[in-house]
Amino acid sequence: MPASFVPRVRPRPTPGPGAPLKTIDAYVEKGLSDWSIPGLTVAVVKEDRVVFLKGYGVREAGRPEKVDGQTLFGIGSATKSFTAAAVGLLVDEKKMGWDDPVTKHLPDFQLHDAGLTSQVTLRDLLSHRTGLPRANGTLLSTYGRAETARRMRHLKPAAGLRSQFTYNNQMYLVAGLALEAAAKTGWDDFVRQRLFGPLGMTASNTSVTALERLPNVARPHAKIGGEVRRLPFDNNDSIAPAGAINSNAAEMASWVRLFLNKGAFEGKQVLSPQIVRALQSQQTVIQVGPLSERLFPSTHFQGYGMGWFVRDYRGRKVVEHGGNVDGMTAQIGMLPEERLGVVILSNMNNTPFPAALMYRIFDAFLGDPEGQTDLSAEYLKLVGDAEAQARAREKEFVEKRATGTRPGLPLESYAGTYVNELYGEASVTLEDGKLRLRFNEAAQGALEHWENDTFRITWSNPLFVEAVGKTPISFVISDGEVGALQAQNLADYRRVRSTSVK
């Protein structure tokens, strides 16, 4: 070979930071079909850059307007990360402390017993370890924020303080009210000025009341009776610090960048690294059960920080939070060690596909584009199994019905006002020879006799029909009079003779 000969070697192209996502389109399109999702948007952050921003499908079923990276969606409980970060800003300013008793900021705060009231702290609220179970948000939805928080004194604990993870939206409302007292401004204004503002999140807002007049907005949907139907916007203003933010993938990517950069955004320190560390450190242990072991075989721990779930996945720490409001599902997640973040927003009710897609994207950047497990397929199996079990329960319920029975009293005897200390009033009326039960505008329906003094309600809200079916409503008879009604899986109400309830 002549000495002057130099072989020409074609340089191997360096993959771009978004290269692992070259196969993601097919996975998304299949997911939209499998889960009947009208539209979805995805943002991926890698090394402080948005390397992928794309919309799929449409903003509203049956209409042509496409989803893009600027389309607004409800992010649901992913709002909690903003509320926790907002409290963190005041912790840095010494106006609040994680372990402050709630009563330091809200002297009138009261829970079911005085001992719990005096001991519960801001950290307890933000890490879901008060022991208080979920309260029914629909039954509380007509109350304002202060009244909703006041009614928590009637919610009985399901566990001891700090003994286990008990997810409760209303405790995030209480945290938001405590922030308002310390900051001397409203939660909405504080989030806009101190978090949205520095991140350039100009399209994001804290109430669905702002959406109707905006041009690029996804509409909420649910699959009801096998058909995809548009829903009205879900107004969560009464518990806004727990779940009322609306945003888009492009702006939520900025939120992810903030945390991947330890609180800095484009050269400005918005949150201190200490606050970011506190928010994303495990505060409450969540048991890894058989289902988690099946779906995530590489996971050894999971828990809740403050505003974020934390777990391990394939040797990396995951920081994430999902969000569900009626008709929309969101998923936000990060692998901090990989400086990788994912935002997925969809306009379908309570679908697990955004979570499955997030892990598929994680897998792609970890060098396994096909994924350890097709979580979407696994979730489809789980949903199918749950639907089959629900049908079996309904069949058993019908078979056990005592046929040929009649109500013990004339129908007009069941009409009246009923009260639950936590949820307030419900009314039973007799209309055109049939009973009707009304908790509030969002929860009401016609009663049909089932057996003895038990009726079943056909909910006017189609989501209730899909979620809980025809709920049994049993009336308790004492001394020949109706004394109470028991709504299965909802609450018990006592009969009152006056409509004035405090």
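Note that this is a predicted model, so its numbers are computed, not measured.

Overview of helix α14 (residues 353–365)
Inference 1: For α14, which comprises 13 residues, the first-to-last C-alpha distance of 19 Å matches the rise-based estimate of 18 Å (1.5 Å per residue) to within 8%.
Inference 2: At the exit of α14 stands Gly 367, carrying a positive phi of roughly 85°.

A look at the pairing of strand β14 (residues 340–346)
Inference 1: Among the 7 residues in β14, 7 count as buried, and that is most of the element.
Inference 2: Of the two faces of β14, the one carrying Leu 340, Val 342, Ile 344 and Ser 346 and the one carrying Gly 341, Val 343 and Leu 345 are both buried.
Inference 3: Pairing analysis gives 7 bridges linking strand β1 (residues 39–46) to β14, with the strands arranged antiparallel. Paired with Val 42 across the bridge in β14 is Ile 344.

Points about the pattern of salt bridges
Inference 1: Under the counting rule described, the total for this entry stands at 29 salt bridges.
Inference 2: Here Glu 147 ties to Arg 150 by a salt bridge, and the two come within 2.9 Å at their closest N and O atoms. On the criterion of helical spacing, the pair formed by Glu 147 and Arg 150 is a turn pair, its members being 3 residues apart in helix α7 (residues 145–150).
Inference 3: Looking at Glu 147, the relative accessible area reads 23%, which means it is partly exposed.
Inference 4: Between Glu 212 and Arg 219 there is a salt bridge, with the nearest N and O atoms lying 3.2 Å from each other.
Inference 5: For Arg 219, a relative accessible area of 14% puts it in the buried group.

Looking at the packing of α14 against helix α15 (residues 375–399)
Inference 1: Running from amino to carboxyl end, α14 crosses α15 at an angle of 155°, the nearest separation of the two axes being 8 Å. Between α14 and α15, the interaxial angle falls into the category roughly antiparallel. Read as a crossing pair, α14 and α15 show a hand that is right-handed. Along the contact surface, α14 presents Phe 353, Ala 356 and Tyr 359, while α15 presents Leu 375, Ser 376 and Tyr 379.
Inference 2: Considering only residue class, the contact of α14 with α15 consists of 5 nonpolar, 1 polar and no charged.

A few points about unusual backbone geometry
Inference 1: With a phi angle near 55°, Lys 262 is a residue other than glycine that sits in the positive phi range.
Inference 2: Looking at where Lys 262 falls in the secondary structure, it is placed in the loop between α11 (249–260) and β7 (264–265).
Inference 3: Note on Lys 262: relative accessible area 56%, which makes it exposed.
Inference 4: One non-glycine residue, Glu 266, lies in positive phi territory at about 50°.
Inference 5: Considering the arrangement of structural elements, one finds Glu 266 in the loop between β7 and β8 (268–269).

Digging into the confidence of the model for the protein chain
Inference 1: Model confidence for the protein chain is summarised by a mean pLDDT of 93, while 95% of its residues fall at 70 or above.
Inference 2: Of the regions scoring below 50 in pLDDT, residues 1–15 engages in 0 contacts with residues more than four places distant in sequence or in other chains.

Structural notes on the side chain of His 321
Inference 1: Checked against the element boundaries, His 321 lands in strand β12 (residues 316–325).
Inference 2: Reaching out from His 321, the side chain makes a polar contact with the side chain of Tyr 304 at a distance of 2.9 Å.
Inference 3: Ignoring anything within four residues of it in the chain, the contact list for His 321 reads Ser 77, Ala 78, Lys 80, Tyr 167, Tyr 304, Gly 307, Trp 308, Phe 309, Gln 331 and Ile 332.

Quick look at helix α1 (residues 24–35)
Inference 1: In this model α1 runs 16 Å from its N-terminal to its C-terminal C-alpha over 12 residues, within 8% of the 16 Å that 1.5 Å per residue would give.
Inference 2: Of the surrounding elements, those touching the buried residues of α1 are β1, β2 (49–57), α14 and α15.
Inference 3: Phi turns positive one or two residues past the end of α1, at Ser 36, with a value near 55°.

What counts and what doesn't
- Residues numbered from 1 in each chain as written.
- Predicted model: local features only at pLDDT ≥ 70, side-chain atom pairs only at ≥ 80, totals over all residues.
- Heavy atoms only, no water.
- Helix = DSSP H or I, 4+ residues; strand = E, 2+ residues; numbered from the N terminus.
- Expected span 1.5 Å × (residues − 1).
- Buried < 20%, exposed > 50% of the residue type's maximum accessible area, 1.4 Å probe, protein only.
- Pairing = 2+ DSSP bridges.
- Salt bridge = Lys/Arg side-chain N within 4 Å of Asp/Glu carboxyl O.
- Axes fitted to C-alpha atoms, helices over the stretch in contact; angles between N-to-C directions.
- Parallel < 35°, antiparallel > 145°, perpendicular 65-115°, else oblique.
- Left-handed = near helix turned anticlockwise from the far one by under 90°.
- Contact = heavy atoms within 4.5 Å.
- Nonpolar A, V, L, I, M, F, W, Y, C, P; charged D, E, K, R; others polar.
- pLDDT = per-residue confidence, 0-100.
- Polar contact = N/O pair within 3.5 Å; in protein donor to acceptor, adjacent residues only side chain to side chain.

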